[in-house]
Amino acid sequence: MAPLIALLGGFAVLRLLGLIAVDGLDAWQPAVRGALALMFVTTGVPHFVPAFRRGFVAMIPPVLPRPELLVTLTGVLELAGAVGLLVPPLAPYAAVGLALLMLAMFPANVHAARHGGALRGKPVTPLPARTAMQVLFVAAAVAAAV
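An account of the accompanying structure is given in this report. What you are looking at is a predicted structure, and each value in this text was computed from that prediction instead of being measured.

Turning to the overall build of the chain, a few remarks are in order. A tally of regular secondary structure across the chain gives six helices and two strands. Secondary structure of the chain in N-to-C order comes out as α-α-α-α-α-β-β-α. Here the chain has a C-alpha radius of gyration of 15 Å; the compact-globule value for 146 residues is 15 Å, and the two agree. Seen through its principal axes, the chain has C-alpha atoms that stretch 45 × 25 × 25 Å. The buried share of the chain, taken over its 146 residues, is 41%.

Pasting the structure below:
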């Protein structure tokens, strides 16, 4: 739920700032890019926090090799993508890369939801809600890319 709050709340705050004070945010696309960057920092940092990391490693489907490495790699890509979203010439490429990354990681979310996954002792988001959020996240990334 934190990624959804970061995306929607970040967009609302950034868009409001754009409307009242910050010229660079006075359009929907920079606000979407900033909100996505916030969301990916929110999701990327926990890849390196032991309490969360264990849950992420457990989410990786068993058919995939080296789950620890995959968690590290996805965390690095999420954080790098967040930075890329804030650099205007890189933002469209970062957004496309993050959309593809989310699609690639979705099977791990399905696996976790179907097999009782947990993060810090709490059950992962149920699959229907997670799927709806994933559609929104990917749509936001596509919108940030155009």
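Picking up where we left off.
Attention now goes to a nonpolar patch on the surface. On the surface, Val13, Leu16, Leu17, Leu19, Ile20 and Val22 cluster together into a nonpolar patch covering about 550 Å² of accessible area. By the secondary structure assignment, Ile20 is in helix α1 (residues 2-20). Taking the relative accessible area as the measure of exposure, Ile20 reaches 63% and is therefore exposed.

What follows concerns the packing of α1 against helix α6 (residues 127-145). The interhelical angle for the contact between α1 and α6, taken along N-to-C directions, is 40°, at an axis separation of 11 Å. Considering the angle they form, α1 stands oblique to α6. By crossing handedness, the relation of α1 to α6 is classed as left-handed. Contact residues: Pro3, Leu4, Leu7 and Leu8 in α1; Met133, Leu136, Phe137 and Ala140 in α6. In terms of residue class, the contact of α1 with α6 is made up of eight nonpolar, no polar and no charged.

With that settled, consider α1. Between the first and last C-alpha of α1 there are 26 Å, a value that for 19 residues agrees with the 27 Å anticipated at 1.5 Å per step. Inspection of α1 places Pro3, Leu4, Ala6, Leu7, Gly10, Leu14 and Gly18 among the buried residues, and these make up the whole buried set. An end-on view of α1 places all buried positions within 165° of arc, on one side of the element. Exposed positions of α1 whose direction lies more than 90 degrees from the buried face are Ile5, Leu19 and Ile20.

Right, let's get into the nonpolar core. If you look at the biggest cluster of nonpolar residues, it comprises 24 residues, and the most contacted ones within it are Leu7, Leu36, Met39, Phe40, Leu85, Met102 and Phe137. Elements with a contribution of two residues or more to this core: α1, α2 (28-44), α4 (67-85), α5 (91-114) and α6. Excluding residues within four positions of it along the chain, Met102 makes contact with Met39, Phe40, Gln134, Phe137, Val138 and Ala141. Membership of the second largest hydrophobic core comes to seven residues, among which are Phe56, Met59, Ala112 and Val124.

What counts as what
Residues numbered from 1 in each chain as written. Predicted model: local features only at pLDDT ≥ 70, side-chain atom pairs only at ≥ 80, totals over all residues. Heavy atoms only, no water. Helix = DSSP H or I, 4+ residues; strand = E, 2+ residues; numbered from the N terminus. Rg over C-alpha atoms; globule rule 2.2 N^0.38 Å. Buried < 20%, exposed > 50% of the residue type's maximum accessible area, 1.4 Å probe, protein only. Patch = residues over 30% accessible without salt bridge, like charges linked within 9 Å, V, L, I, M, F, W, Y side chains within 5 Å. Areas by Shrake-Rupley, 256 points an atom, 1.4 Å probe, with all protein chains shown as cover. Salt bridge = Lys/Arg side-chain N within 4 Å of Asp/Glu carboxyl O. Axes fitted to C-alpha atoms, helices over the stretch in contact; angles between N-to-C directions. Parallel < 35°, antiparallel > 145°, perpendicular 65-115°, else oblique. Left-handed = near helix turned anticlockwise from the far one by under 90°. Contact = heavy atoms within 4.5 Å. Nonpolar A, V, L, I, M, F, W, Y, C, P; charged D, E, K, R; others polar. Expected span 1.5 Å × (residues − 1). Arc of directions from axis to C-beta. Core = buried A, V, L, I, M, F, W, Y, C linked by side-chain atoms within 4.5 Å.

Keep in mind these values describe shape, not function.
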